[in-house]
Structures are given as structure tokens and as C-alpha cells.
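# Breakdown of the fold
As a plain string of letters, each chain reads:
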Amino acid sequence: MTSTSSETRPFRVADLGTLVVLAWSGEAPDGDMPYLLAYTLGDAADGPEAATAAVERLLTDNGLPVGGTIVDGATRPSLPVTMLIESGQAVLNMPQLNAQCVPPPEWLAAVGERGFAYLVFTTRPWPEAEPGKPVTPEALAAFAGSEETLNSAAHVLLPARSLRG
């Protein structure tokens, strides 16, 4: 007789592959909106499907639903996902993960005005958008704005925190 184990494999950050965080701002009816897009390149040792599954597990383990419901971090002080803005950098913190990026000045200004950024953390890999390679506005709009990306993402309004208080 064969049985399958119901034991859950421990989460390993390496299963994510390369994780990228990209910042940009875009026009909204009430002014510029600062966005953060977090995605994997899909280059985990076990392939893109493993990277997708790892991102989904990371999100759900941290209380972030995948699929469209917006989580407002300002109303959930115990949310284990935070964003620190310090020395011109945005740092995304989660249990088992810290990722940072250097956002453009207009993004920093929009965060300063709003006090938060809109995080789209997608399970959909984007192998073409490697760190250090420029991403055209058209490519960003096509990926970040696609239904496939948005429907496979956690959406979070993350309050901006700083070391200065």
C-alpha cells in the first residue's frame, strides 16, 4: 500500500528564484500614485512553476490573498509586510524576505504626499525584466496592467515608514 505524505514542505526563499521589486508612479484621478511591483524572474532551480508556487505560498502564509482583494495595511497593524523608505530607497520587508529598490524621485514625492504605496506582488514570472536592464514604459504597462498579472497578485496599500519616526 502506498500513502502520500500530508506533511507540508518548509518554505525556502531559494524556491522564489530571483525576486525583483520595481517602483514607478502613475497618474490617478487624485494625483500621482506610487506603485511597487514585486515579481520573480521564474528562475528557481525547479523552474517557473516552482517559483510561482513559492510566491503564492509566501503571500498566503503572510495573510495576503491572491486575486484582487486590496489589503489596506493602515487598517491591519499586525500585517507582517512593511515598507521602509530610507536614504532614497524603498525596502519591502516580510518574514523570511527583504527586498529593496531605488525608486525614481517622482515615486518618492508621491509616497511623501500619500503616505503609502500600492504594492502589486504577483505570482506571475516576468523573466524579461531582469535587474539592471531598462524596462520600457510600454513593457511595464503591458505586464503590470495585464489581467493575468493582476489576477495572480496580492494587492496591498503599504504605509510608508521611516527610521526617523
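What this report covers is the structure whose coordinates are included nearby. (Residues numbered from 1 in each chain as written. Predicted model: local features only at pLDDT ≥ 70, side-chain atom pairs only at ≥ 80, totals over all residues. Heavy atoms only, no water.)

All right, on to the overall build of the protein then. When helices and strands are counted, the protein shows four helices and eight strands. Sequence-ordered secondary structure for the protein, helices as α and strands as β, is β-β-α-β-β-β-β-α-β-α-α-β. Compactness check: the protein gives a C-alpha radius of gyration of 16 Å against a globular reference of 15 Å for 165 residues, within 12% of the reference. Overall size of the protein, expressed as C-alpha extent along the three principal axes, is 65 × 35 × 30 Å. Taking all 165 residues of the protein together, the buried fraction comes to 40%. Excluding contacts between residues fewer than 6 apart, the proportion of contacts in the protein whose partners are at least 24 apart in sequence is 68%. (Helix = DSSP H or I, 4+ residues; strand = E, 2+ residues; numbered from the N terminus. Rg over C-alpha atoms; globule rule 2.2 N^0.38 Å. Buried < 20%, exposed > 50% of the residue type's maximum accessible area, 1.4 Å probe, protein only. Contact = heavy atoms within 4.5 Å.)

All right, on to the layout of surface pockets then. Over the atoms, a rolled probe matching the size of one water molecule traces out where space is still vacant. The volume enclosed by the largest pocket comes to roughly 170 Å³. Taken together, W24, Y35, Y118, V120, L140, A141, A144, G145 and L150 form the lining of the largest pocket. Every element with two or more residues in the lining of the largest pocket is listed here: β7 (116-122) and α3 (137-144). Per-element tally for the lining of the largest pocket: the top contributor is α3, with three residues. Across the lining of the largest pocket, the residue classes break down as eight nonpolar, one polar and no charged. (1 Å grid on protein atoms, 1.4 Å probe; cavity = no way out; pocket = protein on both sides within 12 Å on 5 of 7 lines; lining within 4 Å. Points joined across faces, edges and corners; volume = space filled by probe spheres on them. Nonpolar A, V, L, I, M, F, W, Y, C, P; charged D, E, K, R; others polar.)

Right, let's get into a negative patch on the surface. Together, E27, D32, E106 and E113 line one region of the surface with negative charge. Counting through the fold element by element, E27 comes out in strand β1 (residues 19-28). (Patch = residues over 30% accessible without salt bridge, like charges linked within 9 Å, V, L, I, M, F, W, Y side chains within 5 Å. Areas by Shrake-Rupley, 256 points an atom, 1.4 Å probe, with all protein chains shown as cover. Salt bridge = Lys/Arg side-chain N within 4 Å of Asp/Glu carboxyl O. Lys, Arg positive; Asp, Glu negative; His and termini not counted. Charge placed at Lys NZ, Arg CZ, Asp CG, Glu CD.)

A few words now on the packing of aromatic side chains. Scanning the entire structure with this criterion turns up five aromatic pairs. Arranged with centres 5.7 Å apart and planes meeting at 50°, the rings of Y35 and Y118 form a pair that is tilted. Of this pair, Y35 sits in strand β2 (residues 31-40) while Y118 sits in strand β7, and the two are 83 residues apart along the sequence. For Y35, a relative accessible area of 21% gives the class partly exposed. Residue Y118 is classed as buried on the basis of its relative accessible area, which comes to 16%. Here the aromatic cluster, defined as three or more aromatic residues joined through ring pairs, consists of W24, Y35 and Y118. (Phe/Tyr/Trp six-rings, centres within 6.5 Å; stacked < 30°, edge-to-face > 60°.)

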